[in-house]
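Observations on the model geometry
This is what each chain is made of:
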Amino acid sequence: MTDYPHLLSPITLAGVTLRNRSLMGSMHTGLEETGDWGRVAAFYAARAKGGAGLIVTGGMAPNREGGVFPGAAGLYSDKDIANHRRVTEAVHAEGGHIAMQILHAGRYAYSKDCVGPSAVKSPISPFPPRELDEEGIEAQIADIATAAARAIAAGYDGVEVMGSEGYFLNQFLVNHTNRRTDGWGGTYENRMRLPVEVVRRVRAAMGPAAVLIYRISLIDLVPDGSTWDEVVQLAKAVEAAGASVLNTGIGWHEARVPTIATSVPRAGFAHLTARLRPEVAIPVIASNRINTPEVAEGLLAAGAADMVSMARPWLADAAFIAKAASGRAREIAPCIACNQACLDHTFSGKLTSCLVNPRACHETELVYAATDCPKRVAVVGAGPAGMMTAIVASQRGHRVTLFDKGNEVGGQLNLAKRVPGKEEFHGLVEWFAALLRSPAIELRLGRAATVEDLLGFDEVVIATGVTPRDPGIPTEPGSTVLSYIEVLKGAPVGRRVAVVGAGGIGFDVAETLVQDGVSPTVEPALWRAEWGVSTPWEDRGGLDPKGPQPHPPAREVHLLQRKAEKPGRHLGKTTGWIHRASLAMKRVRMQGGVNYDRITPEGLWISHGPNREAPELVAVDAVVLCAGQEPDRGLSEELDRRGIRHHRIGGADVAAELDAKRAIDQAARLAAGL
Ligand code: NAP
Ligand code: SF4
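Residues numbered from 1 in each chain as written. Chains lettered and ligands numbered in written order. Predicted model: local features only at pLDDT ≥ 70, side-chain atom pairs only at ≥ 80, totals over all residues. Heavy atoms only, no water.

**Observations regarding helix H7 (residues 228–241)**
- Here H7 spans 20 Å end to end across 14 residues, near enough to the 20 Å set by a 1.5 Å rise per residue.
- Residues of H7 that are buried make contact with helix H4 (168–173), helix H5 (188–191), helix H6 (193–206), strand S9 (211–219), strand S10 (245–250) and helix H8 (270–276).
- Two residues or fewer after H7 comes Gly-242, characterised by a positive phi angle close to 125°. (Helix = DSSP H or I, 4+ residues; strand = E, 2+ residues; numbered from the N terminus. Expected span 1.5 Å × (residues − 1). Contact = heavy atoms within 4.5 Å.)

In structure tokens form, the structure reads like this:
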């Protein structure tokens, strides 16, 4: 008997029987662009081996103008088929199924050659699209159909037609981007003609025995977006045109509402899929912020969807379903929806990976091979770096003793999980703790390790982390100055607070201070009000015309930094805007270019610019220091003095710009080579 009977039950689409109800959603990894198709095949084969019911590839362009950027991977000619066949054969050899996503970016293509229904530039691209004429539209449809035929020739089980997220097909649907007055614009029937015609032609090109997924935008989250009636009309029309299943798309890329970040409630948009389900006869797939088998099973059991799409969770753990099916769900590495190693990499032109699983997209290069020389390994520090070292080393066959002076494992992750919007960190710490419960790992908690404790081991790894930096601001007696650690652990701070330092931790502390009561991340109705999200059956595009209705801030917060630039510029590429917007909504006063002159019982005295001009008092009850970190190297230096060879990783190695991604990656690579 399984805990996930719905998730693990088969489903048949267009005559293709999938072994379970999980769809690995499309992700752009950058692997295809490396040209190393063996690596692409290894990535997908690992997910097929791990039980994915149906894999959808990253978006493949049907032609040059439709590529998300110049040189983006695609099926441009018959010559590309052989590469794709390597992928499909590898997936089928593992008993999996795979569909290729056809993605035409339209005006989102980062190229001066981009095309669209009308010459309306997108706010997230510098390039205005060229308005297509009748012939141009026909050429795009033909290219998409040809790409589908090539996909079948390459052995794919079908295709996903990308019709959401504000891409080409979606751009035809709404008046804002489609200003045409010919047969492809004007009435909704005309505006939806392109997606429907594409589905009809793709079905004709593939024949009846292939899966055709249509990804439909259920809530555009942009002004002037579709209404629910229009969404339903389109859903019925693409069903009639030959779609086998409808996948859920949420929000255009230019939307100013977060849709997949960690602060978005789990399954926060599944109610839209549930509402669509009775409108069509074909199955529907729920998507966005579904990251555990429990959440997936709950949606299916409740009848909200027929399948569940998870994308990033398959980066975090390639064996997601295999573990769920074999009673090892607690061992599934959780996707914490941080975007730090996936989307932030993609948007920086770097290969995708995963913060919790550095092997993602590095399957052929980072290998945890069983050791033929088992060693006794001491690891000091049970933060992300130390825990990852212990886990990978033990999995390879070494015996590990993990020391930490605290009474619990997790290190700074235990602080992160207290931040409203970062509740996913609870699951991450629980996952580490579950894997540390191994007969090959001895945990020694509650006492600082000494050099003597470390004698007699074959390998010693120091992962002692960081200590908060004291910025040395002159402070008068009677002032209240706290470290971020004290504040995140719940120390009282009063009603007015100045936060010194606007890095990741300064933002986390500010978000904690302005929030009281329940976190919107665990209360979807509250979260929707905070971001001004309604439903497409109330308002076009699902945007509340009143705009965001944030709960009033719990405190008056000032977030300060010395650099004369906008605070938060160096936060995650795809998430920084969310943190900045969320603090702005809570009226946090963010300032750069300040000097910290002194702290008095009245507050923090600051001045401005290199000449310390315009001194002023920021009248606050407490000052919280979030001024970065210094490496905690005491033990490492003592080992150096005693000539004891050891490895130093994580914050103890380099504290500057430390984050869990770097710590875990460094640890995994070290442990893979021990
Ligand atoms: P950080 O990002 O390096 O920020 C440190 C802040 O302290 C900066 O704003 C810096 O700005 C200020 N500062 C540095 N030296 C100072 C001094 N001597 N006096 C006064 N201010 C000083 O470090 P962090 O905030 O401690 O975060 C540590 C790491 O954790 C970050 O690198 C980040 O990647 C990670 N993290 C990430 C997130 C996330 O949301 N992704 C959240 C939390 C933590 P000025 O020098 O301009 O004053
Ligand atoms: Fe999920 Fe973060 Fe990994 Fe991306 S990097 S897959 S968001 S855990």
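**With respect to the nonpolar core**
- One finds Tyr-214 and Leu-246 to be the most contacted residues of the largest nonpolar core, which totals 158 residues.
- Contacts of Tyr-214, omitting those with residues within four sequence positions, involve Val-161, Gly-163, Leu-169, Pro-195, Val-199, Leu-234, Val-238, Ala-243, Val-245, Leu-246 and Asn-247.
- Ranked by size, the runner-up nonpolar core spans 23 residues in total, among them Leu-415, Leu-482, Ala-510 and Leu-571. (Core = buried A, V, L, I, M, F, W, Y, C linked by side-chain atoms within 4.5 Å. Buried < 20%, exposed > 50% of the residue type's maximum accessible area, 1.4 Å probe, protein only.)

**Digging into the site of ligand 1**
- Neighbouring ligand 1 are 21 residues, the closest being Ala-502, Arg-562, Lys-563, Gln-629 and Leu-658.
- One of the backbone nitrogen or oxygen atoms of Gly-503 is found 3.2 Å away from an oxygen atom of ligand 1.
- Measuring from an oxygen atom of ligand 1, one finds a side-chain N or O atom of Gln-629 at 2.5 Å.
- A total of 890 Å² of accessible area belongs to ligand 1 in isolation, and the protein chains cover 79% of it. (Near = heavy atom within 4 Å. Polar contact = N/O pair within 3.5 Å; in protein donor to acceptor, adjacent residues only side chain to side chain. Areas by Shrake-Rupley, 256 points an atom, 1.4 Å probe, with all protein chains shown as cover.)

**Brief notes about the site of ligand 2**
- Around ligand 2, the neighbouring residues are Arg-312, Leu-315, Cys-335, Ile-336, Ala-337, Cys-338, Asn-339, Ala-341, Cys-342, Cys-354 and Leu-355.
- When its residues are assigned to classes, the shell around ligand 2 shows 9 nonpolar, 1 polar and 1 charged. (Nonpolar A, V, L, I, M, F, W, Y, C, P; charged D, E, K, R; others polar.)

**What about the environment of Thr-177?**
- Note on placement: Thr-177 falls in the loop between H4 and H5.
- For Thr-177, a relative accessible area of 2% corresponds to the buried category.
- As a C-alpha pair, Thr-177 and Gly-225 span 48 residues in sequence and 9.7 Å in three-dimensional space.

**Here's the deal with the pattern of salt bridges**
- Tallying each qualifying case throughout the model produces 32 salt bridges.
- A salt bridge links Arg-642 to Glu-452; its shortest N-O distance comes to 2.9 Å. Of the two residues, Arg-642 sits in the loop between helix H20 (634–641) and strand S27 (647–648) while Glu-452 sits in the loop between strand S15 (441–445) and strand S16 (459–462), which places them 190 residues apart along the sequence.
- Overall, Glu-452 belongs to the partly exposed group, its relative accessible area being 47%.
- Residue Arg-641 is joined to Glu-638 by a salt bridge in which the shortest nitrogen-to-oxygen separation is 2.9 Å. (Salt bridge = Lys/Arg side-chain N within 4 Å of Asp/Glu carboxyl O.)

**A word on the pairing of strand S22 (residues 594–600)**
- Burial runs high along S22: 5 of the 7 residues are buried.
- Judged from the 6 bridges that link them, S22 and strand S23 (residues 603–608) form a sheet pairing that is antiparallel. Counterpart to Thr-600 in the pairing with S23 is Gly-603. (Pairing = 2+ DSSP bridges.)

**Focus on the sheet that holds strand S21 (residues 589–591)**
- Here 5 strands make up an open sheet; going across it, the order is S18-S25-S19-S20-S21 and the pairing parallel. Edge positions in the open sheet fall to strand S18 (481–483) and S21, since each of these has one partner strand only. Averaged over all pairs of adjacent strands, the angle between strand axes in this sheet comes to 20°, irrespective of strand direction.
- Sheet analysis places strand S20 (residues 556–560) next to S21, joined by 3 bridges and oriented parallel. By the bridge assignment for S21, Leu-559 is matched with Met-590. (Axes fitted to C-alpha atoms, helices over the stretch in contact; angles between N-to-C directions.)

**Describing the sheet that holds S23**
- In spatial order, the strands read S22-S23-S24; together these 3 strands make up an open sheet with antiparallel pairing. The open sheet has two edge strands, S22 and strand S24 (613–619), and neither has a second partner. Each strand of the sheet is rotated relative to its neighbour by a mean of 25°, with strand direction disregarded.

**Quick word on the packing of helix H13 (residues 384–395) against helix H15 (residues 424–436)**
- Close contact between H13 and H15 brings their axes to 10 Å; oriented N to C, the two are set at 35°. As H13 runs across H15, the sense of the crossing is left-handed. Along its contact with H13, which presents Pro-384, Met-387, Met-388, Ala-390, Ile-391 and Gln-395, the element H15 presents Phe-432, Leu-435 and Leu-436.
- A class-by-class count of the residues in the contact of H13 with H15 yields 8 nonpolar, 1 polar and no charged. (Left-handed = near helix turned anticlockwise from the far one by under 90°.)

**Concerning the pairing of strand S4 (residues 54–60)**
- Buried residues dominate S4, accounting for 7 of its 7 residues.
- In terms of strand pairing, strand S3 (residues 22–24) meets S4 through 2 bridges, oriented parallel. Note that in S4 the partner of Leu-23 across the bridge is Leu-54.
- As for the winding sense of the linkage, the β-α-β connection from S3 through helix H1 (residues 37–49) to S4 is right-handed.
- Relative to strand S5 (residues 98–102), S4 is paired through 4 bridges, and the arrangement is parallel. Paired with Val-56 across the strands is Ala-99, a residue of S5.
- Crossover S4 to S5 through helix H2 (residues 81–93) is right-handed. (Right-handed = clockwise from strand over helix to strand, strands pointing away.)

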